[in-house]
Every structure is written in structure tokens, then in C-alpha cells.
Amino acid sequence: QVQLVESGGGLVQAGGSLRLSCAASGRSINSMNVVGWYRQAPGKQRELVAAITSGGATNYADSVKGRFTISKDNAKNTVYLQMNSLKLEDTAVYYCHARFAFANYWGQGTQVSVSS
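Let me sum up the structure you'll find in this document. As the structure is a prediction and not an experimental result, all values here were calculated from the model.

Definitions and cut-offs
Along each chain, residue indices are assigned from 1 in the same order as the chain's sequence is written. Confidence filtering applies because this is a predicted model: local features only for residues at pLDDT of at least 70, side-chain atom pairs given and counted only at 80 or more, and all residues used for totals across whole chains, interfaces and linings. Neither water nor hydrogens contribute to the side-chain values; these are computed over all heavy atoms in the structure. For the purposes of this analysis, a disulfide is any pair of cysteine sulfur atoms at a distance within 2.5 Å. Counting from the N terminus, the helices are DSSP H or I runs at least four residues long and the strands are E runs at least two residues long. Buried residues are those whose accessible area, probed at 1.4 Å on protein chains only, stays under 20% of the maximum for their type, while exposed residues exceed 50% and partly exposed ones sit between those limits.

Turning our attention to the state of the cysteines. All chains considered together, the criterion is met by one disulfide. With its sulfur 2.0 Å from that of its partner, C22 forms a disulfide with C96. Its S-S torsion of approximately -80 degrees makes the covalent link between C22 and C96 left-handed. Here the residue C22 occupies a position in strand β3 (residues 18-25), and C96 occupies one in strand β9 (residues 92-100), the gap between them amounting to 74 residues. Owing to a relative accessible area of 1%, C22 belongs among the buried residues under this scheme.

Moving on to the environment of C96. The exposure class of C96 is buried, given its relative accessible area of 1%. It is 8.4 Å that separates the C-alpha atoms of C96 and V79, two residues lying 17 residues apart in sequence.

Set out below in C-alpha cells:
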């Protein structure tokens, strides 16, 4: 059974930085087809923020390009999301996601709140 546990969320002022972590268990993240981060703001649909494939290719939402960086540490079986220059509109619950074959796995989410 794959489990994903996020950490690192919190309250930060606009322009600040946070790093989210997603610790995986039950399967190596390196064996996953893709791992990534989604977010959901109140009243909005969940959207992809960033993803990284098993081969290391990355994909970012246009709204976070140049500000967010996704990375993974295979030895720690952990995926990270470094978020810089945070904006008010980045406020959301951030979810870790992993896909292996046809199975999708989600973490419980971590709140990121950006204040002015």
C-alpha cells in the first residue's frame, strides 16, 4: 500500500518561501511513472502545480514557472516542492500525487497560506 505524507505547509508573507516535502512509503518513488504536486484553493478545482517523471522530466503550471521547483531524493524516497516569491494566489491546500501504472495515490494535503 502506497502512502504519501506531506509536510512543510504554513503561513508565509507574500514574497516569502516555503519548501513542501512528500515522504512516500510502500513503493519507491523512482518506480513511479510520475510524482507531483497539485493544489486546490477554496471554490476552485484541483490543479496541477508541478510534476516530475521517473526519468527526471519536469512540468510546471504557467502560474508557477520560474518560482517553484520540484525535485526528488530517491534515497530518502521524498519529493520536494520549493516555492519562492509566493503570491497571495498561491494560497491553497497542496496535495502530493503519485501514479504507478493505472493507480493514483494522494496525500492528505498540507495548507499553504500567503498573507499580504
